[in-house]
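The chain contents come next:
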Amino acid sequence: MYKIYVSGALTDVENPIETKALYEKIGLVCEEIGLQAYVPHLHTDPVKNPDITPREVFDKDKHQVSISDLVIAYLGSLSFGVGMELAYAENNKIPIILLYETGKRISRFPRGIPTVIAEIQFNDDEDALIQLKNVLLNWKQ
């Protein structure tokens, strides 16, 4: 079974409840088509798990990225962690799918990563999930 790492900002995001819900929906789309999703905040949420040290989060998330077959990264909120996760994925030759809202200005650096296999611009969560499911089904073949 393919392992998917769902990357996205968790610290200082504008709408944390809605943002985390999107990550969980991404994980569910993966599960629906037979992929195993790892959604970091379900394990090391900075609010729900403040007792987990920064080093433990680093070690756990870096390991999860390194054993993944694919990384799905939401780029709609700025995050040092997401950038680092993308760098680890690229360094390990792991394919990446980028997601962000249509019209949002995104740095060219992550968009230029050689292992990016798809860049999804979306209007709302439903649009994002429909497009993502199509990309995943084609990737999985």
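One can find the structure itself at the top, above this paragraph.
Described in the following lines is the structure provided in the data block. All values reported here derive from a predicted model rather than from experimental measurement.

Rules behind the numbers
- Residues numbered from 1 in each chain as written.
- Predicted model: local features only at pLDDT ≥ 70, side-chain atom pairs only at ≥ 80, totals over all residues.
- Heavy atoms only, no water.
- 1 Å grid on protein atoms, 1.4 Å probe; cavity = no way out; pocket = protein on both sides within 12 Å on 5 of 7 lines; lining within 4 Å.
- Points joined across faces, edges and corners; volume = space filled by probe spheres on them.
- Helix = DSSP H or I, 4+ residues; strand = E, 2+ residues; numbered from the N terminus.
- Nonpolar A, V, L, I, M, F, W, Y, C, P; charged D, E, K, R; others polar.
- Pairing = 2+ DSSP bridges.
- Axes fitted to C-alpha atoms, helices over the stretch in contact; angles between N-to-C directions.

## A few points about the layout of surface pockets
Phase 1: Roughly 580 Å³ of volume is contained in the largest pocket.
Phase 2: For the largest pocket, the lining is made up of 30 residues, of which T11, V57, D61, G81 and E85 are closest to its centre.
Phase 3: At the level of secondary structure, the elements contributing two or more residues to the lining of the largest pocket comprise β1 (3-7), α2 (41-44), α3 (54-66) and α4 (80-91).
Phase 4: It is α4 that provides the largest number of residues to the lining of the largest pocket, a total of six residues.
Phase 5: For the lining of the largest pocket, a count of residues per class yields 17 nonpolar, nine polar and four charged.
Phase 6: Estimates place the volume of the second largest pocket at around 370 Å³.
Phase 7: Forming the walls of the second largest pocket are 19 residues, and the residues nearest its centre are L75, G83, L86, S107 and P110.
Phase 8: Elements represented by at least two residues in the lining of the second largest pocket include exactly α4 and α5 (108-111).
Phase 9: Take the lining of the second largest pocket: its biggest share by element is six residues, from α4.
Phase 10: Class assignment of the residues belonging to the lining of the second largest pocket gives a composition of 12 nonpolar, five polar and two charged.

## Here we look at the sheet that holds β1
Phase 1: Here five strands make up an open sheet; going across it, the order is β2-β1-β3-β4-β5 and the pairing parallel. The two strands at the open ends of the sheet, each matched to only one other strand, are β2 (36-38) and β5 (116-122). Here the strands of the sheet are splayed against their neighbours by 20° on average, with no regard to which way each runs.
Phase 2: Here strand β3 (residues 70-74) pairs with strand β4 (residues 96-101) via four bridges, running parallel. Paired with Y74 across the strands is L99, a residue of β4.

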